Amino acid sequence: TTSIGMLPLRSTRPTRHFIDNAMLNHILHLWDLLDRRARIRAAFVLLTMIIVSFMEILGIGLIAPILQLAIDPAQGLEKNSWLSKVYTLLNFNTPSAFMISLCLAAFLVFLLKNLFALYLVNVQYRFTWDLLTDYSLRLFRQYLHASYAEHVRRNSAILLRNVNYSILGVFNGLMMPVLMIFSDLLLSIFIIGFLIWLNPWIAITAIGLLGLAGAIF
């Protein structure tokens, strides 16, 4: 059980003795504090992160085919089977027209990705500030309904600090960084998956070398 001021923030999650990381414990407690509505909103934020990460990878994936067609249109179609299938399926007349269409598709993908990324930032901040407002109001109501003896015992400046600043520090110092970490983690997973799909052995070797270098340094 953790608390902010007089407001108990109880977690129904059993103690996990195998978790030594204090940050991870805070994240688990924070998740337990969310009600059903807040968890649905958190799932929506996660879904938006997945869409942005997918569109990021889609845009990156379109760059290589465009470069192949720009360097050698005929060889680019021969070497890339899915490009050849799309070219035949959409019944293009020339590779140049196909390359222009790919450029337009890449432009639209990056445009939509940036719009979704902007929307994601807005969703993240609204989610965080709505939670902040909710817990500040709960804490304020609990102070209002506290006994006279409790108000005499505690300094009013401390109560105001708890309502205005303590919860702000918890959510800004923990919630927003957690959302950013999850966003970067999802993007990394999509990039790794995309590299493995392109060339599994080279991707696994590169990931292994990077992991080894990270462990050493």
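For the structure itself, look to the data block above.
Small disclaimer: the values here were computed from a predicted structure and weren't measured.

Analysis parameters
- Residues numbered from 1 in each chain as written.
- Predicted model: local features only at pLDDT ≥ 70, side-chain atom pairs only at ≥ 80, totals over all residues.
- Heavy atoms only, no water.
- Helix = DSSP H or I, 4+ residues; strand = E, 2+ residues; numbered from the N terminus.
- Buried < 20%, exposed > 50% of the residue type's maximum accessible area, 1.4 Å probe, protein only.
- Contact = heavy atoms within 4.5 Å.
- Areas by Shrake-Rupley, 256 points an atom, 1.4 Å probe, with all protein chains shown as cover.
- Patch = residues over 30% accessible without salt bridge, like charges linked within 9 Å, V, L, I, M, F, W, Y side chains within 5 Å.
- Salt bridge = Lys/Arg side-chain N within 4 Å of Asp/Glu carboxyl O.
- Axes fitted to C-alpha atoms, helices over the stretch in contact; angles between N-to-C directions.
- Parallel < 35°, antiparallel > 145°, perpendicular 65-115°, else oblique.
- Left-handed = near helix turned anticlockwise from the far one by under 90°.
- Core = buried A, V, L, I, M, F, W, Y, C linked by side-chain atoms within 4.5 Å.
- Phe/Tyr/Trp six-rings, centres within 6.5 Å; stacked < 30°, edge-to-face > 60°.

### Some details on the overall build of the chain
Right, on to step 1. A tally of regular secondary structure across the chain gives 8 helices and 2 strands.
Right, on to step 2. For the chain, buried positions account for 29% of its 217 residues.
Right, on to step 3. Considering only intrachain contacts with a sequence separation of at least 6, the fraction spanning at least 24 residues in the chain is 69%.
Right, on to step 4. Accessible surface, the chain: about 14500 Å² in total, of which carbon and sulfur atoms supply 69%.

### Notes on a nonpolar patch on the surface
Right, on to step 1. Where nonpolar side chains cluster on the molecular surface, the patch consists of Trp82, Ile191, Leu195, Trp197 and Leu198 and spans about 520 Å² of accessible area.
Right, on to step 2. No other element matches helix H7 (residues 156-198), which puts 4 residues into the nonpolar patch.
Right, on to step 3. Since its relative accessible area comes to 52%, Leu198 is described here as exposed.

### Quick word on the packing of helix H2 (residues 36-71) against H7
Right, on to step 1. Two elements in contact, H2 and H7, have axes whose closest approach is 9 Å; the angle formed by their N-to-C orientations is 40 degrees. What the angle tells us is that H2 and H7 run oblique. The handedness of the crossing between H2 and H7 is right-handed. Contact with H2, carried on its side by Val45, Leu46, Met49, Ile50, Ser53, Phe54, Glu56, Ile57 and Gly61, involves Leu179, Phe182, Ser183, Leu186, Leu187, Phe190, Ile191 and Phe194 of H7 and no other residues of that element.

### Observations regarding the nonpolar core
Most often, soluble globular proteins keep nonpolar side chains buried together rather than apart.
Right, on to step 1. Counting residues in hydrophobic clusters, the biggest one holds 26 residues, and the most contacted among them are Val45, Phe127, Leu131, Phe171, Met175 and Leu179.
Right, on to step 2. Within the residue set of this core, elements represented by two or more residues are helix H1 (22-33), H2, helix H5 (95-144) and H7.
Right, on to step 3. If you tally residues by element for this core, the top one is H7, at 10 residues.
Right, on to step 4. Those residues in contact with Phe171, other than ones at most four positions away along the chain, are Leu30, Thr128, Leu131, Leu132, Tyr135 and Met176.
Right, on to step 5. Judged by nonpolar contacts, the second largest core, of 10 residues, contains Leu62, Ile66, Leu69 and Val109.

### Focus: the packing of aromatic side chains
Right, on to step 1. Scanning all chains against the criterion turns up 1 aromatic pair.
Right, on to step 2. When the ring of Phe44 is compared with that of Tyr119, the centres are 6.5 Å apart and the planes differ by 85 degrees; the resulting orientation is edge-to-face. Highlighted residues: Phe44 in helix H2 and Tyr119 in helix H5, separated in sequence by 75 residues.

### Considerations on the pattern of salt bridges
Right, on to step 1. The full count for this structure, using the stated rule, is 2 salt bridges.
Right, on to step 2. Arg41 is the salt-bridge partner of Asp130, the closest N and O atoms lying 2.7 Å from each other. Placement of Asp130 in helix H5 and of Arg41 in helix H2 is noted, with a sequence separation of 89 residues between them.
Right, on to step 3. For Arg41, a relative accessible area of 22% gives the class partly exposed.
Right, on to step 4. Where Lys113 meets Glu56, a salt bridge forms, and the shortest distance between an N and an O atom there is 3.1 Å. Of this pair, Lys113 sits in helix H5 while Glu56 is found in helix H2, placing the two residues 57 residues apart along the sequence. Residue Lys113 shares its accessibility class with Glu56, and that shared class is buried.

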